[in-house]
Amino acid sequence: MAEASPDSFTIKNDNPLIHFHGRWDSGPGTWWAGSGFKLNVQDLQSLTLNLGPHTTQPLAAVGVSVNYEPFRTINVTEGANAIPLSASSTTLSLKKGSQSVVRINVEGWQDNRINLETIGLNAGAKLLPYTPQKLAFQFIGDSLSAGQYCPDGVDQAWTFLTGEDFKAEHNINAQPGAALTDIVSYGNEHGVSYQFFRTEDTGYYYTTDHNYTTPWNFARDQPEPTHIVIHIGANDNSQGVSAANFTQTYLAFIKNIRVHYPYQPIFAFTPWGWPNSDGSIGYYYQGVYEQIVKDRIATGDHNIFLVNTTGWVTWADVFPSNQHPSPSGHIKIAGLFTQWLNNWGLKAEKNWETPALV
C-alpha cells in the first residue's frame, strides 16, 4: 500500500506492483549480479530508494534505466538515495498522465546487496502494474558471464546485453570462480550445481548477517524463463575435475533444471577458451559439451542445443591481465550469440512493453 504525504508518498517493499526480478531474500535484499526491480509510474518526477542496514557497506553500485534508455551507474548506500532519473531532458514527459518505466539492478557479483525498505515518489505520482516482456532469458555461468572486471559489472556482460538486444527479461546467475561441480573453488564454498537452487549467491559464506542459504522458490521467477543459457566449466577445469566427472555433473544439473523448466530450450555453450597474446587459444573439455548434448537428446530431451563458440573470442577481446572479456569483447560475444539465436529462429521483441509517452 502507498502512504500519502503532502509532497511525496511512500511505497512499502511488499507492494505487489513492484516487479522484482532475480534473487531476493525475505529482507527483501538482493543476491546475485543483475537482481533488481522494475516500476511503472504515472506522472513520475522524483524517486528515492530507502535502503536498510543489510545494504552493502560502504556502497552498492546499481544500474538505472528510465524508459529503456541505456543503463547508468548510481552508487547507493544505507538510508535515503535520490535517484537521478534521466541523462537527458526528454526522458520524462511533463504532461499529466504520462507513464515511465524504471529499471534498477545491482551490477556487482560481490558487494551487491541492497536491502529495500521503501520507495519514495513525488506527490501526484501513481504506481501502476508493470507488463513484463514475453521473452525471458535465464543465464547460468561463472565470471565469463558475470562481467567480472568490467567497470559496470554485469550490465556490460554479454548475458545482460543479449537480453537487452532481444528486448527480453533476463535473470543472470553467474558466480566468478565457481565451478559447476559442488566443490570449493576460488573462494566459493559451493559450486553452481548447488548454488543455483538457492536464493543466495556464494557470498553468503562471508556475510555475518546472513551466513546461510535458503531454497529458491522458482515460482517467484515471473515471468517464467522462456530460454535457458549455460556457459560454465572453466573453473572445473582449473580445479582438475576430470572430463568424466564434469560430464556426470553437467548431466545431473540439466536433469535438475528440467524439474523447474521442463520444456524450455536449453543452449549449452562450448568454451571459447583462454586467448593468448601469440594468437593461440587454450581450450578445455574439448568434445565434452558435444557429448553432453548428445546424451541428453538420447534420453528424449530434444530441446537442448549446442552453441559452438570456437573462434568467438580472441586476444583483442580480453583484458590482457586476466584473459576475461573486456566491455568490447562482451559486445562482440552478445552480437555473435544474437546472430546465432536469429539463425536458430528466435527473434527479438518488436518493442519494449513500455507505456507511450504523451
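All values reported here derive from a predicted model rather than from experimental measurement. (Residues numbered from 1 in each chain as written. Predicted model: local features only at pLDDT ≥ 70, side-chain atom pairs only at ≥ 80, totals over all residues. Heavy atoms only, no water.)

UniProt's entry tags residues 139-330 with the feature "domain: SGNH hydrolase-type esterase" (unreviewed entry), counted in the numbering of this structure. End C-alpha to end C-alpha, residues 139-330 measures 14 Å, and it is 28% helix and 14% strand. (UniProt positions renumbered as here; feature names shortened; annotations may be inferred. Helix = DSSP H or I, 4+ residues; strand = E, 2+ residues; numbered from the N terminus.)

With that settled, consider the environment of Gly-34. Note that Gly-34 resides in strand E4 (residues 30-42). Sequence separation between Gly-34 and Arg-23 is eleven residues, and the spatial gap between their C-alpha atoms is 8.9 Å. For Gly-34, the residues in contact, after removing those within four places along its chain, are His-21, Asn-105, Val-106 and Val-154. (Contact = heavy atoms within 4.5 Å.)

Segmentation of the protein into domains returns domain 1 (9-128) and domain 2 (136-344). Domain 1 puts 22 residues into the contact, and the matching count from domain 2 is 32 residues. Where domain 1 abuts domain 2, roughly 2300 Å² becomes buried across the two surfaces, and 48% of that area is made up of carbon and sulfur atoms. It is Arg-23, Trp-32 and Trp-109 in domain 1 that bury the most area against domain 2; as a group they hold 38% of the surface buried on that side. Counting across the domain 1 and domain 2 interface gives three salt bridges. With a closest N to O distance of 2.9 Å, Arg-103 and Glu-164 form a salt bridge. Where domain 1 touches domain 2, the interface holds 16 residue pairs in polar contact (both at pLDDT 80 or more). Contributing elements (two or more residues each) for the side of domain 1 that touches domain 2: strand E3 (19-24), E4 and strand E9 (99-106). (Domains from an automatic or database assignment. Buried area = accessible area lost by both parts, 1.4 Å probe. Salt bridge = Lys/Arg side-chain N within 4 Å of Asp/Glu carboxyl O. Polar contact = N/O pair within 3.5 Å; in protein donor to acceptor, adjacent residues only side chain to side chain.)

Another aspect to go through is the sheet that holds strand E12 (residues 136-141). The five strands lie next to each other as E13-E12-E14-E15-E18, forming an open sheet whose pairing is parallel. In the strand order of this sheet, the two ends are held by strand E13 (169-174) and strand E18 (304-307), each with one partner. Strand-to-strand, the axes of this sheet are offset by a mean angle of 20°, without reference to chain direction. In terms of strand pairing, strand E14 (residues 227-231) meets strand E15 (residues 266-269) through three bridges, oriented parallel. The residue of E15 that forms the bridge with Ile-230 is Ala-268. Contacting E12, E14, E15 and E18, helix H5 (residues 243-260) runs over the sheet at an angle of about 160° to E15. (Pairing = 2+ DSSP bridges. Axes fitted to C-alpha atoms, helices over the stretch in contact; angles between N-to-C directions.)

Right, let's talk about the side chain of His-21 for a bit. Tracing the backbone through its elements, the reader meets His-21 in strand E3. When neighbours within four sequence positions are excluded, His-21 is seen to be in contact with Gly-34, Ser-35, Gly-36, Phe-37, Lys-38, Ile-104, Asn-105, His-170 and Asn-171.

The next point concerns the packing of aromatic side chains. Pairs of aromatic rings are described using the distance from one ring centre to the other and the angle between the two planes. Taken as a whole and judged by the stated rule, the model has 32 aromatic pairs. Ring centres 4.9 Å apart and planes at 25° place the aromatic pair Trp-158 and Phe-269 in the stacked group. One end of the pair, Trp-158, is in helix H2 (residues 158-165); the other, Phe-269, is in strand E15, with 111 residues separating them in the sequence. Taken individually, Trp-158 and Phe-269 each receive the classification buried, so the pair is uniform in this respect. One aromatic cluster is present, formed by Phe-137, Phe-139, Trp-158, Phe-166, Phe-267, Phe-269, Trp-272, Phe-305, Trp-312, Phe-337, Trp-340 and Trp-344 through successive ring pairs. Taking the ring centre of Phe-196 as reference, the NZ or CZ of Arg-23 above it sits at 5.0 Å. (Phe/Tyr/Trp six-rings, centres within 6.5 Å; stacked < 30°, edge-to-face > 60°. Buried < 20%, exposed > 50% of the residue type's maximum accessible area, 1.4 Å probe, protein only. Lys NZ or Arg CZ within 6 Å of the ring centre and 35° of its normal.)

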